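Working through the structure, step by step
Spelled out, the chains give:
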Amino acid sequence: MIALVRLRLAGFLRTGRALAPLLAGLVALGTLYGGGRAQPAEAYGVSAVVLFPVLAWQTKILLDVEPDVQRRLAQVSVGVARERSAGLLAAGVAALATVAVALVFPWLVGGVTGPVDPGDRSVPVGLALGLWAHLLVVPAAVALGALASRASVGGAGYGVAVLALGGVGAVVLGLTGSVAPWLAPPLMATARASAGDAAALTLLGLSVWALAWSAAVVGGYLWRRRAQG
């Protein structure tokens with residue numbers, strides 16, 4: 001299965017398909033940090049929200065690179081479960097690489113503030129919260145991108161609709177006062193928790209929420225794959 005993961009990552013990179021989501025992410029982050037400097041925790045919380053649709057789109061592109069015939073051959077070669085797991089794992093690795101860029105980017109462009117004095121712990125705490133916020137986004141984005149992939153929905157138009165609905169819905173349903181916030185991953189709640197002084201129990205609850213939502217969407221993706229054959 002590891003060989004299949006490497007094959008899919010290689011195809012994603014060699015065909016140049018990785019360039020579009022990377023540039024989109026850099027443009028979005030550049031726009032975000034161009035508005036002025038902010039505390040690391042606050043900046044990273046918003047950055048995670050901005051990256052969610054980018055990572056989902058990146059996942060869709062990665063999974064769509066492989067031709068249908070080659071995907072079916074992989075199912076015969078390594079088995080259906082391993083073939084699908086390899087695609088999700090490859091998408092997760094690519095998403096983590098993009099997250100690493102997003103974590104370094106604001107320091108390169110001066111988008112975050114440094115420590116005020118030697119005893120200031122806002123930077124290490126902000127880095128820890130920022131890493132948590134971005135890692136929380138990865139499984140949800142990979143799940144949404146997989147659900148929108150060609151192998152799941154068939155036509156490209158349906159895939160775009162799934163991405164658009166998922167991206168917009170995650171923001172709208174995550175607003176304060178939403179009637180059904182559980183229908184979306186906790187992107188907005190994570191951003192609010194990162195900017196504020198959230199308790200450890202709150203962070204744990206958001207983590208469980210994000211993983212449960214991702215597992216449900218991955219279940220939908222696997223169901224669609226079985227339906228598509």
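Looking at an unreviewed UniProt entry, one finds the protein named ABC-2 type transport system permease protein, with Micromonospora parastrephiae as its source organism.

1. Here's the deal with the UniProt feature "transmembrane region" (unreviewed entry) in the protein
In the numbering adopted here, UniProt assigns the feature "transmembrane region" (unreviewed entry) to residues 86–109, 129–148, 160–183 and 203–223. The span residues 86–109 is 100% helix and 0% strand, and its two end C-alpha atoms sit 35 Å from each other. Secondary structure within residues 203–223 divides into 100% helix and 0% strand; the distance between the first and last C-alpha atoms comes to 30 Å.

2. With respect to the side chain of Lys60
Relative to the helices and strands, Lys60 is located in helix H3 (residues 40–65). Sequence-distant contacts of Lys60, that is, excluding residues within four places in its chain, are made with Gly145, Ala148, Ser149, Arg150, Gly159 and Leu163.

3. Focus: the packing of H3 against helix H8 (residues 156–172)
Direction vectors running N to C along H3 and H8 enclose 160°, while the axes themselves pass 10 Å from each other. When the axes of H3 and H8 are compared, the pair comes out roughly antiparallel. Taken as a pair, H3 and H8 cross one another with a handedness that is right-handed. Mapping the contact onto sequence places Val49, Phe52, Ala56, Trp57 and Lys60 in H3 and Gly159, Leu163, Gly166, Gly167, Ala170 and Val171 in H8.

4. Focus on the pattern of salt bridges
Applying the stated criterion across every chain, the model contains 6 salt bridges. Residues Glu66 and Arg8 are paired through a salt bridge, measuring 2.6 Å at the closest nitrogen-oxygen approach. Pair noted here: Glu66 is in the loop between H3 and helix H4 (68–78) and Arg8 is in helix H1 (residues 2–14), with a separation of 58 residues, a long-range link. The salt bridge involving Arg225 is made with Glu83; its shortest N-O contact spans 3.0 Å. Linking Arg225 in helix H10 (residues 200–228) with Glu83 in helix H5 (residues 80–109), this pair joins segments that are 142 residues apart in sequence. In this structure Glu83 comes out as buried when scored by relative accessible area, which is 1%. Within this structure, Arg8, Glu66, Glu83 and Arg225 form a network of salt bridges that share partners.

5. Quick word on H3
Relative to the 38 Å expected for 26 residues at 1.5 Å per residue, H3 spans 35 Å between its end C-alpha atoms, a close match to the ideal helical length. For H3, the principal kink sits at Leu51 and spans about 35°; a proline, Pro53, occurs within the next four residues. Within H3, 21 of the 26 residues are buried, which leaves the element mostly enclosed by the surrounding structure.

6. With respect to the nonpolar core
If you look at the biggest cluster of nonpolar residues, it comprises 61 residues, and the most contacted ones within it are Phe12, Tyr33, Phe52, Leu55, Leu62, Trp132 and Val137. Secondary structure elements with two or more residues in this core: H1, helix H2 (19–33), H3, H5, helix H6 (122–147), H8, helix H9 (187–195) and H10. The element contributing the most residues to this core is H3, with 14 residues. Leave out the neighbours within four places in its chain, and Leu62 touches Leu9, Phe12, Gly87, Ala90, Ala91 and Ala94.

7. A short note on the packing of aromatic side chains
Per the counting criterion, the structure on display carries 1 aromatic pair. Ring geometry for Tyr33 against Phe105: centres 6.3 Å apart, planes inclined by 40°, an arrangement best described as tilted. A residue pair is termed long-range when its members are at least 10 positions apart, and Tyr33 in helix H2 and Phe105 in helix H5 qualify at 72 residues. Each of the two residues, Tyr33 as well as Phe105, counts as buried.

8. Regarding a nonpolar patch on the surface
There is a patch of nonpolar side chains on the surface, built from Met1, Ile2, Leu89 and Val93 and spanning about 320 Å² of accessible area. In this fold, Ile2 is placed in helix H1.

9. A word on the environment of Val112
The residue Val112 is located in the loop between H5 and H6 in this model. Sequence-distant contacts of Val112, defined by excluding residues within four places in its chain, comprise Tyr33, Arg37, Ala38, Pro40, Ala43, Pro106 and Trp107.

Calculation criteria
- Residues numbered from 1 in each chain as written.
- Predicted model: local features only at pLDDT ≥ 70, side-chain atom pairs only at ≥ 80, totals over all residues.
- Heavy atoms only, no water.
- UniProt positions renumbered as here; feature names shortened; annotations may be inferred.
- Helix = DSSP H or I, 4+ residues; strand = E, 2+ residues; numbered from the N terminus.
- Contact = heavy atoms within 4.5 Å.
- Axes fitted to C-alpha atoms, helices over the stretch in contact; angles between N-to-C directions.
- Parallel < 35°, antiparallel > 145°, perpendicular 65-115°, else oblique.
- Left-handed = near helix turned anticlockwise from the far one by under 90°.
- Salt bridge = Lys/Arg side-chain N within 4 Å of Asp/Glu carboxyl O.
- Buried < 20%, exposed > 50% of the residue type's maximum accessible area, 1.4 Å probe, protein only.
- Expected span 1.5 Å × (residues − 1).
- Bend = angle between axes of the 7 residues up to and from the residue.
- Core = buried A, V, L, I, M, F, W, Y, C linked by side-chain atoms within 4.5 Å.
- Phe/Tyr/Trp six-rings, centres within 6.5 Å; stacked < 30°, edge-to-face > 60°.
- Patch = residues over 30% accessible without salt bridge, like charges linked within 9 Å, V, L, I, M, F, W, Y side chains within 5 Å.
- Areas by Shrake-Rupley, 256 points an atom, 1.4 Å probe, with all protein chains shown as cover.

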